[in-house]
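Given next are the chains, with one letter for each unit.
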Amino acid sequence: MLQGDWTEPTAYQAVKDYKGDLNNIDVVFGHNDRSAMGARKVFQERQAKMPLFCGIDGLPGENGGIRQVRDSLLDASYIYPTRGDLLLQLALDILEGKPYAKETLLTSALVTHDNANVLLLESDEVARQAQNLDKLQTQANSYLRQLDTQRTITLMALILIALLLLTMVLFFLYHRSKVSAQRERMVNNLWKMEVPEEVKASESPEPAPSESPAPAPSEAEETPEPLFIVRFKDVVEARLSDSELSVDDLAAAMNLSRVQLYRKVKAISGSSPIELLRTARLNRGYQLLLQTNKTISEIAYEIGFTAPSYFTRCFKNEFGISPSDLQTK
């Protein structure tokens, strides 16, 4: 028996170094198909009588043993499944002291010229099916990646929708709190007018020389408004529903000329008498919308507007919401 390392070159060299007569050999049995082919080359080179060549493995493929048998390079080859899983289980049973069969037989098949074509067809079909499985696996992996991408996009879309909903809720709460705060300011306040301190001082009576100065009002106390402002507010509120009310009417009611009234009101409030009149009417309308069940038209006429549409437009410019929005709160 000649030794090699399971490769064709070493089998070739081992047979080449053989000192015996190759013509006396009837059968060459290689430990695999490559070893058998290495030995065959030596017989061809020496032009010796060709014996029967038999290998082991019977692999498919371009240079496999099945093709070599079909092409008459080998006379036969053995096919056997190694069943490595069963061998590993046998080894574990031995190591763990479990019962095991002392003889393990491997099922094998002999490849000859008669069945080589059939085996090649079967191996080609198996290879084709394996390629199809690989292709299906690749497609499945691609679909899974697409599914992961779609899941990521869906999750991002849900997060975006949640953020939009949260933004809308926060905006709604902010708007409602703003309207609520505005409502609290407007319920008991008809005017938006802050009188400068110098005007208050000029119209406040000076204390007598013998009197000690009055203590300064605390933060909880309110400084009295100048007499002119009190009179102006009384005149406006008394004729708030009069749609024909003009600056001349207000000046006449206060025993002032139109120019005097305009200058005095402008100096105190920074606004003209007409602007203050419109502000007072809108603020009164705000109060009526909150405190009564009157319609918008009824309130518009009651506070001196000649057209409900004009009242609605002025109201929205002043408060940022329409009267109908306020009625639904």
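Owing to the predicted nature of the structure, the values given are computational and were not obtained by experimental measurement.

1. Considering the packing of helix H10 (residues 273-291) against helix H12 (residues 308-319)
In the contact formed by H10 and H12, the axes pass within 10 Å of each other and the chain directions differ by 95°. The orientation of H10 with respect to H12, classified from their angle, is roughly perpendicular. Packed against H10, whose contacting residues are Arg278, Leu282, Asn283, Tyr286 and Leu289, the element H12 presents Phe311, Cys314, Phe315, Glu318 and Phe319 at the interface. Residues that form the contact of H10 with H12 fall into these classes: seven nonpolar, one polar and two charged.

2. What to know about the confidence of the model for the protein
Mean pLDDT over the protein works out to 82, with 85% of the residues at or above the 70 mark. The secondary-structure element of the protein with the lowest mean pLDDT is helix H6 (residues 197-203), recorded at 48, while strand S1 (residues 27-29) shows the highest, at 93. The model gives residues 198-223 a pLDDT under 50, and that stretch makes ten contacts with residues more than four places away or in other chains.

3. Some remarks on the environment of leucine 326
Within the secondary structure, leucine 326 sits in helix H13 (residues 323-327). A residue is classified by how much of its surface remains accessible, and leucine 326, at 2% relative accessible area, is buried. Taking the C-alpha atoms as reference, leucine 326 lies 7.5 Å from leucine 290; in sequence the two are 36 residues apart.

4. Re the nonpolar core
If you look at the biggest cluster of nonpolar residues, it comprises 18 residues, and the most contacted ones within it are Val15, Leu22, Phe43, Phe53, Ile66, Leu74 and Val111. Taken together, the elements giving at least two residues each to this core come down to helix H1 (8-16), helix H2 (33-46), helix H3 (65-70) and helix H5 (116-187). With five residues, the top contributor of residues to this core is H2. Not counting residues within four places of it along the chain, the set of residues in contact with valine 111 comprises Ile66, Val69, Asp75, Ala76, Ser77, Ile79, Ala116 and Leu119. Counting 17 residues, the second largest nonpolar core, distinct from the first, contains Val236, Leu240, Leu245 and Ala280.

5. Quick notes on the pattern of salt bridges
Summed over all chains, the structure comprises eight salt bridges. With its nearest N and O atoms 3.5 Å apart, the salt bridge here joins aspartate 26 to lysine 49. In this pair, aspartate 26 is assigned in the loop between H1 and S1 and lysine 49 in the loop between H2 and strand S2 (52-56), connecting sequence segments 23 residues apart. Take lysine 49: its relative accessible area is 43%, and that puts it in the partly exposed class. Close ionic contact of aspartate 242 with arginine 239 constitutes a salt bridge, the shortest N to O distance being 3.0 Å. We classify aspartate 242 as partly exposed; its relative accessible area is 24%. On the accessibility criterion, arginine 239 (31% relative accessible area) is partly exposed.

6. Some remarks on the side chain of serine 322
Within the secondary structure layout, serine 322 lies in the loop between H12 and H13. By relative accessible area, serine 322 is classed as buried at 11%. Side chain to side chain, serine 322 and serine 324 meet in a polar contact 3.0 Å long. A polar contact is formed between the side chain of serine 322 and the side chain of aspartate 325, at a distance of 3.0 Å.

7. Section: the packing of aromatic side chains
Taken as a whole, this structure holds eight aromatic pairs when the rule is applied. Judged by centre distance (5.6 Å) and plane angle (80°), the ring pair of phenylalanine 43 and phenylalanine 53 falls under edge-to-face. On the criterion of sequence distance, the pair formed by phenylalanine 43 in helix H2 and phenylalanine 53 in strand S2 is long-range, its members being ten residues apart. The class of phenylalanine 53 is buried, set by a relative accessible area of 2%. Note on phenylalanine 305 and tyrosine 310: the rings are 5.7 Å apart at their centroids and 55° apart in plane angle, and the pair reads as tilted. An aromatic cluster of three or more residues is present, and its members are Tyr286, Phe305, Tyr310, Phe311, Phe315 and Phe319.

8. Some points on the pairing of strand S3 (residues 76-79)
Of the strand pairs in this sheet, S2 and S3 are connected by three bridges, and their pairing is parallel. Within the sheet, the bridge partner assigned to isoleucine 56 lies in S3 and is tyrosine 78. Crossover connection from S2 via H3 to parallel S3: handedness right-handed.

9. Comments concerning the layout of surface pockets
Roughly 520 Å³ of volume is contained in the largest pocket. Around the largest pocket, the lining is made up of 19 residues, and of these Met1, Leu2, Val15, Val28 and Phe29 lie nearest the centre. Secondary-structure elements contributing two or more residues to the lining of the largest pocket are H1, S1 and H2. Class assignment of the residues belonging to the lining of the largest pocket gives a composition of 14 nonpolar, five polar and no charged.

About the thresholds
Residues numbered from 1 in each chain as written. Predicted model: local features only at pLDDT ≥ 70, side-chain atom pairs only at ≥ 80, totals over all residues. Heavy atoms only, no water. Axes fitted to C-alpha atoms, helices over the stretch in contact; angles between N-to-C directions. Helix = DSSP H or I, 4+ residues; strand = E, 2+ residues; numbered from the N terminus. Parallel < 35°, antiparallel > 145°, perpendicular 65-115°, else oblique. Contact = heavy atoms within 4.5 Å. Nonpolar A, V, L, I, M, F, W, Y, C, P; charged D, E, K, R; others polar. pLDDT = per-residue confidence, 0-100. Buried < 20%, exposed > 50% of the residue type's maximum accessible area, 1.4 Å probe, protein only. Core = buried A, V, L, I, M, F, W, Y, C linked by side-chain atoms within 4.5 Å. Salt bridge = Lys/Arg side-chain N within 4 Å of Asp/Glu carboxyl O. Polar contact = N/O pair within 3.5 Å; in protein donor to acceptor, adjacent residues only side chain to side chain. Phe/Tyr/Trp six-rings, centres within 6.5 Å; stacked < 30°, edge-to-face > 60°. Pairing = 2+ DSSP bridges. Right-handed = clockwise from strand over helix to strand, strands pointing away. 1 Å grid on protein atoms, 1.4 Å probe; cavity = no way out; pocket = protein on both sides within 12 Å on 5 of 7 lines; lining within 4 Å. Points joined across faces, edges and corners; volume = space filled by probe spheres on them.

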